[in-house]
Amino acid sequence: MKIKTKLYLIMAILAVVLAGEILLTMNFITIPMQREDIVEKAWRHAYSLQKVAPMLSQEEMQQLVNNMINRDPQLSYLLVLDRDGRAVVHSDPDRVDMVFNDVGTLSCARYGKSLQQIYTRDSDQLDSSYQGKKTIDILIPNYDKDGNHIGAINIGVSMDYLEQMVSCHYLVFFICGAVLLLIFYFAVRKLYRDIIHPLNETVDAIRRVKSGNYDEINIEERQDELGMLVREFNSMASKIAQLMADLKEAHEELENRVKQRTTELAAEKERLDVTLSSIGEGVVSIGLDGIIVLSNEALAKIVGVNSSYLLGRKMLDVLQIPIGEADFNKQMIKRDTVIELSNHRIITQDGGERLVDAIGSPIQNAAGDVEGMVWVVRDITEKQRFEEELIKA
């Protein structure tokens, strides 16, 4: 999952959690508390009217009721009842003298009880504009100046008002939620740009370094935690670029040296070949294992073979030395050992015989360790034959 998706998911979860907490708070705390405040306020109105009613005439009471209704839109109606449930004062003057004979109203008007109930207005009056509307109906007893129970005071709190209040709460919630979602959205976009953009730049720079492009690797630095990463990467990239430049220079220098040394070695080899071919005696070089690594044409001519045939052959087979191979190699590795063979008879490739004198000397490296031997082989066949003929004469 991409970081951008994770950020949006986290913000969505936070938004859902926050919205859930707000809804729970509204449904179980804010709205119930406001409903209770409105109802409690209606009870206070009822008790206030209960206190002043004995001191007012019916006209003054009607005027007071009208003023209270006009000042407080939360109230649906306000009336004063006699003990028979007849309205002697009503916030709707047309309803004065109307009788309210429901059980709850009569129990308060006749027996002095206090009551709060859900009341459906004008349920039996189909032509009434209030028909079917529900209110929170509050009734308390009413008394005259002498404290005698003379009826009830009835206040209705509009359920429509409460529902409007709830609707307003939800409307505000949804507006605030939409604004909050926009804020979250732009915050995520800003956070994404602040985090992902420098990371993408760093990844691109790493890919350029990986592909061998070390030029212009310089990411814009920032003054935050990612800026530390960018600064360290720029420093590392700069050092790598410098190191690769030095390495390239060293590589070129090494190539030049190798070419120069190769040329020198080729020249030395050419001189060696010319020197070996110019020597009348046979010359052969062998390693510690006794294998021939170098020879000249003179030796090939002595043993009756092609010079290329000798390479890779054992020296013991070429000189046909009768001593054991182990003893021969043991003598070879001695630092100052010189092996001499005089009047040694060998069988050539074509079946002929040759007499040779051979001298083998060790080859030492710069550290003084023996790396092989060089042999000089002289053909004395003609010399020996000449001497024998002189003796016979």
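The model shown is predicted, which means the values in this text are computed figures rather than measured ones.

**Q** Lay out the overall build of the protein chain with the relevant residues and their values.
**A** On a plain count of helices and strands, the protein chain comes out with ten helices and ten strands. The 393 residues of the protein chain split such that 33% are buried. A total of about 25000 Å² of accessible surface is found on the protein chain, and carbon and sulfur atoms cover 56% of it.

**Q** Can you lay out the side chain of Asp137 for me, pointing to particular residues and giving the numbers?
**A** Tracing the sequence through the fold places Asp137 in strand 4 (residues 134-143). Notably, Asp137 is buried but unbridged: the nearest opposite-charge side chain belongs to Arg121, and the N-O separation is 8.0 Å. Among the polar contacts made by the side chain of Asp137, one reaches the side chain of Asn154 at a distance of 2.7 Å. Setting aside residues no more than four positions away along its own chain, Asp137 makes contact with Tyr77, Thr105, Leu115, Gln116, Gln117, Tyr119, Asn154, Ile155 and Gly156.

**Q** Explain a nonpolar patch on the surface to me, using residue names and the numbers behind them.
**A** Where nonpolar side chains cluster on the molecular surface, the patch consists of Leu24, Phe28, Ile29 and Met33 and spans about 440 Å² of accessible area. Relative to the helices and strands, Phe28 resides in helix 1 (residues 3-52).

**Q** A description of the sheet that holds strand 6 (residues 282-287) should follow, citing residues and the corresponding values.
**A** The strand order across the open sheet formed by five strands is 7-6-10-9-8, and the pairing between neighbours is antiparallel. Here the strands that pair on one side only, and so sit at the sheet edges, are strand 7 (292-295) and strand 8 (339-347). When the angles between neighbouring strand axes are averaged without regard to direction, this sheet yields 25°. Of the strands in this sheet, strand 8, strand 9 (353-364) and strand 10 (370-379) are in contact with helix 10 (residues 381-392), which crosses strand 9 at around 135°.

**Q** I'd like a rundown of the side chain of Asn142, residues and numbers included.
**A** Here Asn142 shows up in strand 4. When near neighbours in sequence (up to four residues on either side) are disregarded, Asn142 contacts Ala53, Val80, Asn148, His149, Ile150, Gly151, Ala152 and Ile153.

**Q** Which residues make up the pattern of salt bridges, and what values go with them?
**A** Tallied over the entire structure, the rule returns eleven salt bridges. A salt bridge links Glu40 to Arg44; the shortest N-O distance between them is 3.6 Å. Here Glu40 pairs with Arg44, and both are found in helix 1, just four residues apart, close to one helical turn. A salt bridge links Arg95 to Asp92; the nearest nitrogen and oxygen atoms lie 3.6 Å apart. The class for Asp92 is partly exposed, based on a relative accessible area of 22%. A single salt-bridge network, built from bridges that share partners, covers Asp82, Arg86 and Asp97.

**Q** A description of empty space enclosed by the protein should follow, citing residues and the corresponding values.
**A** Tallied over the entire structure, the rule returns two cavities of 30 Å³ or more. Its volume calculated, the largest cavity comes out at about 90 Å³. Considered class by class, the residues forming the lining of the largest cavity number four nonpolar, three polar and five charged.

**Q** Can you break down the nonpolar core residue by residue, with the values?
**A** Grouped together as the largest cluster of nonpolar side chains are 27 residues, with contacts concentrated most on Leu49, Met61, Leu75 and Leu78. Every element with two or more residues in this core is listed here: helix 1, helix 2 (58-71), strand 1 (75-82), strand 4, strand 5 (149-158) and helix 4 (159-210). Each residue touching Leu49, except ones within four places of it in the same chain, is listed here: Met61, Leu64, Val65, Met68, Leu78, Val80 and Ile153. With 20 residues, the next largest nonpolar core counts Ile286, Val303, Leu341 and Trp375 among its residues.

**Q** Give me the pairing of strand 8: which residues, what numbers.
**A** Where strand 8 lies against strand 9, seven bridges are found, and the strand directions are antiparallel. Following the sheet pairing, Ile347 is matched in strand 9 by Glu353. From the end of strand 8 to the start of strand 9, which pair antiparallel, there are five residues, and Gly351 there has a positive phi angle of about 95°.

Reading the values: rules and limits
- Residues numbered from 1 in each chain as written.
- Predicted model: local features only at pLDDT ≥ 70, side-chain atom pairs only at ≥ 80, totals over all residues.
- Heavy atoms only, no water.
- Helix = DSSP H or I, 4+ residues; strand = E, 2+ residues; numbered from the N terminus.
- Buried < 20%, exposed > 50% of the residue type's maximum accessible area, 1.4 Å probe, protein only.
- Areas by Shrake-Rupley, 256 points an atom, 1.4 Å probe, with all protein chains shown as cover.
- Lys, Arg positive; Asp, Glu negative; His and termini not counted.
- Salt bridge = Lys/Arg side-chain N within 4 Å of Asp/Glu carboxyl O.
- Polar contact = N/O pair within 3.5 Å; in protein donor to acceptor, adjacent residues only side chain to side chain.
- Contact = heavy atoms within 4.5 Å.
- Patch = residues over 30% accessible without salt bridge, like charges linked within 9 Å, V, L, I, M, F, W, Y side chains within 5 Å.
- Pairing = 2+ DSSP bridges.
- Axes fitted to C-alpha atoms, helices over the stretch in contact; angles between N-to-C directions.
- 1 Å grid on protein atoms, 1.4 Å probe; cavity = no way out; pocket = protein on both sides within 12 Å on 5 of 7 lines; lining within 4 Å.
- Points joined across faces, edges and corners; volume = space filled by probe spheres on them.
- Nonpolar A, V, L, I, M, F, W, Y, C, P; charged D, E, K, R; others polar.
- Core = buried A, V, L, I, M, F, W, Y, C linked by side-chain atoms within 4.5 Å.

Don't take any of this as a statement about function, it's just geometry.
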